[in-house]
Amino acid sequence: MVDEFNEAKEIKVDYTRLRIPFGPVHPALKEPISLKVTVRKEEILDVDIRLGHVHRGIEALAENRNLVQTLYLVERICGICSHSHTTCFTQALEEIGGIKPSERALYLRTLIFELERMHSHLFVLGIMAYEIGFDTLFMFTWHVRESVLDLFEEITGNRVHHSMNTIGGVRWDLTPNLVEKVNDSLKKIEKSVNYIQEVFQDKTVEKRLCRVGVLSHNEAQELCVVGPTARGSEVNMDVRRDYPYAAYGELKDSFSVVLRDSADAYARTEVRILELFDSINLIRTILDELPNGPISKEESVLKLMRKIPEGEAISMVEAPRGELLYFVKTNGNEGLWRLKVRTPTIPNVFGLKPMLIGCEIADIPVTVASIDPCMACANRVTVVDQGKGKKKVINWENLRRRGKK
Amino acid sequence: MNTILILLITFPVVFFLSLLFEGVDRKVHARMQKRIGPPIIQPFYDFIKLFNKERIVPVTASSRIFTAVPMIAAAASIVGASIPIASLVLETGIGGDLILILYLLAMSSVMVMIGGSSSGNPYGAVGFSRKMTMLIAYEVPMFISILSVSLNCVSLAYYNIVSAQIGMKSLLAFTRPSMAVAAATFLLCIPAAADAVPFDISEAKTEIIHGSLVEYGGPYLALVKLAKAASNFAMTFLAVSLFFYFPALLEGYASVGLGALCLCLVTALIILLLTITVPRTVFARLKIGQAFKFYWLIPLALSIISVVLSTLGL
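The structure presented is a predicted model; accordingly, all values stated were derived computationally and were not measured. (Residues numbered from 1 in each chain as written. Chains lettered and ligands numbered in written order. Predicted model: local features only at pLDDT ≥ 70, side-chain atom pairs only at ≥ 80, totals over all residues.)

A.B. asks: Quick question: what am I supposed to make of the overall build of chain A here?
C.D. replies: What chain A contains, in helices and strands, is 18 helices and 10 strands. Going through the 405 residues of chain A one by one, you find that 47% of them count as buried. (Helix = DSSP H or I, 4+ residues; strand = E, 2+ residues; numbered from the N terminus. Buried ≥ 20, exposed ≤ 12 C-beta atoms within 10 Å, placed from the backbone.)

A.B. asks: Is there a simple way to think about the overall build of chain B in this case?
C.D. replies: Scanning chain B for helices and strands turns up 12 helices and 0 strands. On the principal axes, the C-alpha backbone points of chain B span a range of 55 × 45 × 40 Å. Per-residue burial over chain B gives 53% buried out of 314 residues. Restricting the contact set of chain B to residue pairs at least 6 apart, pairs at least 24 apart contribute 82%. (Contact = placed C-beta atoms within 7 Å.)

A.B. asks: Honestly, the pairing of strand S8 (residues 336-342) of chain A in this entry has me stumped. Any pointers?
C.D. replies: Where a strand is regular, its side chains alternate between the two sheet faces. Residue and element names in this part refer to chain A. Relative to S8, strand S7 (residues 322-331) runs antiparallel, the two being bridged by 6 bridges. Looking at the pairing, Val328 lines up with Leu339 of S8. A loop of 4 residues connects S7 with S8, the two strands running antiparallel in sequence, and Gly332 in this loop sits at a positive phi of about 70°. (Pairing = 2+ DSSP bridges.)

A.B. asks: Honestly, the sheet that holds strand S2 (residues 34-40) of chain A in this entry has me stumped. Any pointers?
C.D. replies: Residue and element names in this part refer to chain A. Pairing is antiparallel in the open sheet, where 3 strands are placed in the order S1-S2-S3. With partners counted over all chains shown, the strands left at the sheet margins are strand S1 (17-22) and strand S3 (43-50), one partner each. Recorded for the sheet is a direction-independent mean angle of 20° between the axes of neighbouring strands. Strand direction decides the pairing type here: S2 and S3, joined by 7 bridges, are antiparallel. Each bridged residue has a counterpart across the sheet, and for Val37 the counterpart in S3 is Val47. (Axes fitted to C-alpha atoms, helices over the stretch in contact; angles between N-to-C directions.)

A.B. asks: What is the right way to read the interface of chain B and chain A from this model?
C.D. replies: Many descriptions give the size of an interface as the accessible area lost when the pieces come together. Between chain B and chain A, the contact holds 25 residues from the first and 24 residues from the second. When contributions to the side of chain B that touches chain A are tallied by element, the ones reaching two or more residues are helix H5 (122-153), helix H8 (205-208), helix H10 (257-282) and helix H11 (288-297) of chain B. A total of 4 residues in the side of chain B that touches chain A trace back to one element, the largest contributor, which is H8 of chain B.

A.B. asks: Help me understand the nonpolar core in this model?
C.D. replies: Nonpolar side chains in soluble globular proteins tend to end up buried together. Residues and elements named next belong to chain B. One finds Ala73, Val224, Ala230 and Ala239 to be the most contacted residues of the largest nonpolar core, which totals 210 residues. In terms of residue count, helix H9 (residues 218-243) provides more of this core than any other element does, 18 residues in total. Setting aside residues no more than four positions away along its own chain, Ala230 makes contact with Val14, Ser18, Ser77, Ile78 and Ala81. (Core = buried A, V, L, I, M, F, W, Y, C linked by C-beta atoms within 7 Å.)

A.B. asks: Just checking my understanding: could you explain the sheet that holds S8 of chain A for this structure?
C.D. replies: Backbone-to-backbone hydrogen bonds join strands into a sheet, with any given pair of strands oriented parallel or antiparallel. Residue and element names in this part refer to chain A. Taken in spatial order, the 3 strands line up as S6-S7-S8 in an open sheet, and their pairing is antiparallel. The sheet is open, and its two edges are formed by strand S6 (310-319) and S8, each paired on a single side. Mean inter-strand twist for the sheet, computed between neighbouring axes without regard to direction, equals 10°. On top of the sheet, helix H4 (residues 82-97) reaches S6 and S7; it is set at about 145° to S6, its chief contact.

A.B. asks: Can you walk me through the packing of helix H7 (residues 177-193) of chain B against helix H12 (residues 299-311) of chain B in this structure?
C.D. replies: For any two helices packed against each other, one specifies the inter-axial angle together with the distance between the axes. All names here are of chain B. The interhelical angle for the contact between H7 and H12, taken along N-to-C directions, is 155°, at an axis separation of 8 Å. Comparing the axis directions of H7 and H12 gives the class roughly antiparallel. Crossing geometry of H7 relative to H12 is assigned as left-handed. For the pair H7 and H12, contact is made by Pro177, Ser178, Val181, Ala182, Ala184, Thr185, Leu188 and Cys189 and by Pro299, Leu302, Ser303, Ile305, Ser306, Leu309 and Ser310, respectively. Grouping the constituent residues of the contact of H7 with H12 by class yields 10 nonpolar, 5 polar and no charged. (Parallel < 35°, antiparallel > 145°, perpendicular 65-115°, else oblique. Left-handed = near helix turned anticlockwise from the far one by under 90°. Nonpolar A, V, L, I, M, F, W, Y, C, P; charged D, E, K, R; others polar.)

A.B. asks: Where do I start with the confidence of the model for chain A in this structure?
C.D. replies: As a note on interpretation, predicted positions should not be read in detail where pLDDT is low. Of all residues in chain A, 89% attain a pLDDT of 70 or more, and the chain-wide mean is 82. In this model, residues 380-387 of chain A is a region of pLDDT below 50 whose contacts with residues beyond four sequence positions or in other chains number 18 contacts. (pLDDT = per-residue confidence, 0-100.)

Listed below in structure tokens is the structure:
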């Protein structure tokens, strides 16, 4: 006993190391993630990433609902890429049910998809500016984003949750009047995006972003990061080109896969800015080549839903943050056996550790923002009790009981 | 009797003016960002609101230091801002009050820093170390530039420097090259002293949650904010009256007294907008190493050049 006591006393505390809790609540984080950062002075020595603060039990919820209800539920997984989630889900259902949406519907889906990419990229560019203390650029970027949101409202009636997709097509059509409006808006947006690109080449911005949060090409491949995070590290991948879905097969000449090799926060920002131009180009092509035809099936959605047999499908789309994957297993009785969602943030968030080690405290917000994390997307199934290290799945009943308390 | 009365009036006047300057700064900043912005008297609303809030002292804090520090900081910067104003109105001064003013202004930053480190919050500790580095970075060139001024005017009394400008009927910054360089140094140091954006490293909101201020709330926060506003006001007023005393250009009676003071205040507001508001609108925040490098490369070199020039009599 005495020995043990003496031994315990001899443990040396390294007072030069300071453990800083970065999150779950922090002004730099828009959503809760917990990074326990060990620093010496300003240098980061170690990072411990914890997820699970905004778990909502959506996958378990989906198993208790019918397919159309789930369609609206998955839209609420994320407030930014809501259209990506519904597209991915409807694609899986259409594959199981053998339903083929019309050409016009596919083009309209792609249109909303690209508008959403613009909205998401402008959003994260604003956040980047805010994290480096450049409030003016932040305000300007979000001002531009506002006009994209206005377009959403014109086309679908909603700014955030567009509810555009339905099984076998889309719910809203484009009138010639609207096409003109979108074209007019695009001109203004393109001008502003040009300006944003110029401002991001400002010296103070470059000083904060260059050589910050470096994720080398090999590490990026090992960690399977996706989307602009991967393309910033010169990993040549884009679901739109590799596994075309919706109307991307026909539109493959209107966009390019933007790659950068500097692998830092600036590269990821640059990729996003250049993708904005690609999106503008894609939308213009879609508006020009929009085929005629019905936008959805004549049968009602409920009838279509009842026709979907038991089966399973995997569906993939390129969400603004990267590859989004759905595994859907229907029970042939209007419901689901299993819904598995793998959002782009899950692989990307683990890229944070190699990015952060060796950086300064001042780089944490920039690095975290540069992968554009969406925690609400990433936390769905399990609740991790961090104190005990136990994991458990929360079901609908449990959630309800907790809510009543 | 008159003297005491003026001294008593100066404190509320400084309180009022410094918060008003902050309000103008916020409004102009907002307009430059295409926002509407808060009303100009918003800092007064904030001050009153914060004073009605609960006093919270964290359990980890050493409570005596934590609670005493905001008061000392506010008192130091208000007194520091009052001395130049009172000297201008009374047209007198004591030898060495320039050192006292600079000491009081540095004191208010040091006090806020100590308050942060006494809160027991790790962010307060990071804020402390960052502010310490920044103090070393900008205080040295600033003090050397003032030293150059006093070498030039052969006086450490604030009012003597002002009256020297009146005597020469010119602004000090335009009299000699050494003074122009000193003025440039002083103006470059203002954004760091004010913790404005390219140099707001010690209280970066998105990085370390306001650093030293992280645990402050209610009346304590109100006092800390007042201390900051008053020290910003004092810095700009000092810059104006030491280097750009415009009333000196006017003939005879108008070069001193209340009218001159008002002219000085207007100029001070313009300097505040140029040195604090504009940089904080057009720049992104630097990292601590970059800011330190900047201050020791440019302003320090400038200040040394200015001292060398003034010893050479240029």
